[in-house]
Amino acid sequence: MKIEILEKNDNTLRVIVRDADVTLMNALRRISLTNVPCMAIDEVVMIDNLSILQDEIIAHRLGLTPLKTDLDNYNMPEDCSCQSEFGCSQCRITLTLDAEANDGTRTVYSGELISENPDVVPVSDNVPIVKLAKGQKLKLEAYAKLGIGKTHAKWQPVCVSAYKYYPKIITPEVVCDDCKKCVDICPKNVLELKCDKISVRNLFACNLCMDCVDVCPKKPSLITVEWEKNTFILNLESTGALPPERVLQEATKILGKQLKEFEEQLKVEKQ
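Let me sum up the structure you'll find in this document. Within each chain, residue numbers correspond to sequence positions counted from 1 in written order. Local features in this predicted model are restricted to residues whose pLDDT is 70 or higher, and side-chain atom pairs enter the listing and the counts only when it is 80 or higher, whereas totals over whole chains, interfaces and linings include all residues. Hydrogens are left out, water is left out, and the side-chain values use all remaining heavy atoms of the structure.

A few words now on helix 1 (residues 22-34). Taking 1.5 Å as the rise per residue, helix 1 with 13 residues should run 18 Å; its terminal C-alpha atoms sit 18 Å apart, in good agreement. Listed as buried for helix 1 are M25, L28, I31, S32 and L33. Throughout, a contact is declared for two residues whenever any of their heavy atoms are within 4.5 Å. Secondary structure counts use DSSP, requiring at least four H or I residues in a row for a helix and at least two E residues in a row for a strand, with both numbered from the N terminus. Each element contacted by the buried residues of helix 1 is listed here: strand 2 (12-18), strand 9 (158-170), strand 12 (224-238) and helix 5 (244-270). By definition here, a helix of n residues has an expected span of 1.5 Å times n minus one. In this scheme, a residue with accessible area under 20% of its type's maximum is buried, one over 50% is exposed, and one in between is partly exposed, where area comes from a 1.4 Å probe on protein chains only.

A few words now on the packing of helix 1 against helix 5. Lines fitted to C-alpha atoms define the axes here, with helix axes fitted over just the stretch in contact, and angles between the N-to-C directions of these axes take values from 0 to 180 degrees. Remark: helix 1 packs on helix 5, axes separated minimally by 9 Å, with the N-to-C direction vectors making an angle of 110°. Between helix 1 and helix 5, the interaxial angle falls into the category roughly perpendicular. For the crossing formed where helix 1 meets helix 5, the hand is right-handed. Contact with helix 1, carried on its side by L24, A27, L28, I31 and S32, involves V247, A251, T252, I254, L255 and Q258 of helix 5 and no other residues of that element. With respect to orientation, any angle under 35 degrees is reported as roughly parallel, any angle over 145 as roughly antiparallel, any angle of 65 to 115 as roughly perpendicular, and every other angle as oblique. If you view the pair so one helix is near and one far, a crossing is left-handed when the near helix is turned anticlockwise from the far one by less than a right angle, and right-handed when it is turned clockwise.

This part takes up unusual backbone geometry. Despite not being glycine, D19 shows a phi value in the positive range, around 60°. Tracing the chain through its elements places D19 in the loop between strand 2 and helix 1. By relative accessible area, which is 54% here, D19 ends up exposed. If you check the backbone angles, Q83 has positive phi at about 50° while not being a glycine.

With that settled, the discussion passes to the nonpolar core. Remark: nonpolar core denotes a set of buried residues (Ala, Val, Leu, Ile, Met, Phe, Trp, Tyr, Cys) joined through side-chain atoms within 4.5 Å. Counting residues in each nonpolar core, the largest one holds 35 residues, and the members touching the most others are M39, I41 and L97. Contributing elements (two or more residues each) for this core: helix 1, strand 3 (38-49), helix 2 (55-63), strand 4 (93-100), strand 7 (128-132), strand 8 (137-147) and helix 5. Counting residues per element, this core draws most heavily on strand 8, at five residues. The residues touching I41, leaving out its near neighbours within four places in the chain, are L62, G63, L67, L95, L113, A142, Y143, A144 and K154.

Looking now at the sheet that holds strand 8. Two strands are said to pair when DSSP picks up at least two bridges between them. With antiparallel pairing, four strands are arranged side by side in an open sheet as 3-8-4-6. Both edges of this open sheet fall to strand 3 and strand 6 (114-115), since each of them pairs with a single strand only. Where strand 4 lies against strand 8, eight bridges are found, and the strand directions are antiparallel. Residue pairing for strand 8: L95 is matched across the bridge by A142. Set on the sheet, helix 2 makes contact with strand 3 and strand 8; between it and strand 3 the angle comes to about 150°.

Turning our eyes to something else, we now look at the sheet that holds strand 1 (residues 2-8). The strands that make up a sheet are held in pairs by hydrogen bonds between backbone atoms, and each pair lies either parallel or antiparallel. Ordered by their spatial adjacency, four strands build an open sheet running 1-2-12-9, and the pairing between neighbours is antiparallel. Every interior strand has two partners, whereas the edge strands, strand 1 and strand 9, have only one. Direction aside, the axes of adjacent strands within the sheet are offset by 25° on average. This element, helix 1, spans strand 2, strand 9 and strand 12 of the sheet and lies at about 155° to strand 9.

With that settled, the discussion passes to the pattern of salt bridges. Any carboxyl oxygen of Asp or Glu within 4 Å of a side-chain nitrogen of Lys or Arg constitutes a salt bridge here. Going through the model one piece at a time under the given rule, you end up with 14 salt bridges. Of the charged contacts in the structure, one is a salt bridge between R18 and E4, with a shortest N-O distance of 3.6 Å. Taken together, the positions of R18 in strand 2 and E4 in strand 1 put the pair 14 residues apart, joining distant regions of the chain.

Each aromatic ring pair is specified by the distance between its two centres and by the angle formed by the two planes. Any Phe, Tyr or Trp ring, taking Trp's six-membered ring, that has another such ring centre within 6.5 Å forms a pair; planes under 30 degrees apart are called stacked, those over 60 apart edge-to-face, and the others tilted. Applying the stated criterion to the full structure yields four aromatic pairs. Measuring from centroid to centroid gives 5.9 Å for Y163 and F232, while their planes differ by 75°, and the two rings are edge-to-face. Taken as a pair, Y163 in strand 9 and F232 in strand 12 lie far apart in primary sequence, 69 residues in all. Feature note: the residues Y163, Y165, W227 and F232 constitute an aromatic cluster, connected by ring pairs. Put simply, a charge is over a ring when the Lys NZ or the Arg CZ is close to the ring centre, within 6 Å, and near the line of the ring normal, within 35 degrees. Seen from the ring of Y166, R18 lies directly overhead, with NZ or CZ sitting 5.5 Å from the centre. Over the ring of W155 we find K154, and its NZ or CZ is 4.8 Å from the ring centre.

Right, here's the structure in full:
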């Protein structure tokens, strides 16, 4: 299997995966969503809540606030040696919030959460938690731990995990009078008409919808849209909890572990 990076930044990774099949790509997609662990607030202790929102609503908003994750220094609660329902410093992080509106109405943001570990903090400081009127205050302790998206969506490290076949477009050498229709109908602006010839402007944007083929007045169509059977484009967009390349690395490790466990079970069944 060969991997070629098309696009990479802090939150987005788009790669070409060659010599793979649909089952492998779908496994990586699903594991990225449901099995790669990340940090999220799971328990909240309300010390003082004079806001208009109930404790449960504030706790829900805190839980859905993405946290930067340190996978190397923390354990999953079920794998931690403490085996405590309250957790320990190896499997739990404490964040505190103490906000008050003294001069007038103000919004409390995620950046006001104080973490005991500077490496595990909200991805963004600008997530609104609650609005306080003058004289109202909010004081709480929140406890974050590692979890997986299979348990709850707040533990999903990616907001986009998708793949598609690598497109292959063959444009005509000679254009007809209605070739502009093929160009204009494309929702992704993949094609362009230049110097009386249709050319591919952005191949990777093609989603294989076949609109350009269907609208062509010539039958069979002068434009051919196909895909490479064993080549895919994989797109991951992280919530910011983990770098997208780390999500993909962890997904491959988990897949390898699952396959090894499956192999061991098959050996037991044969015996």
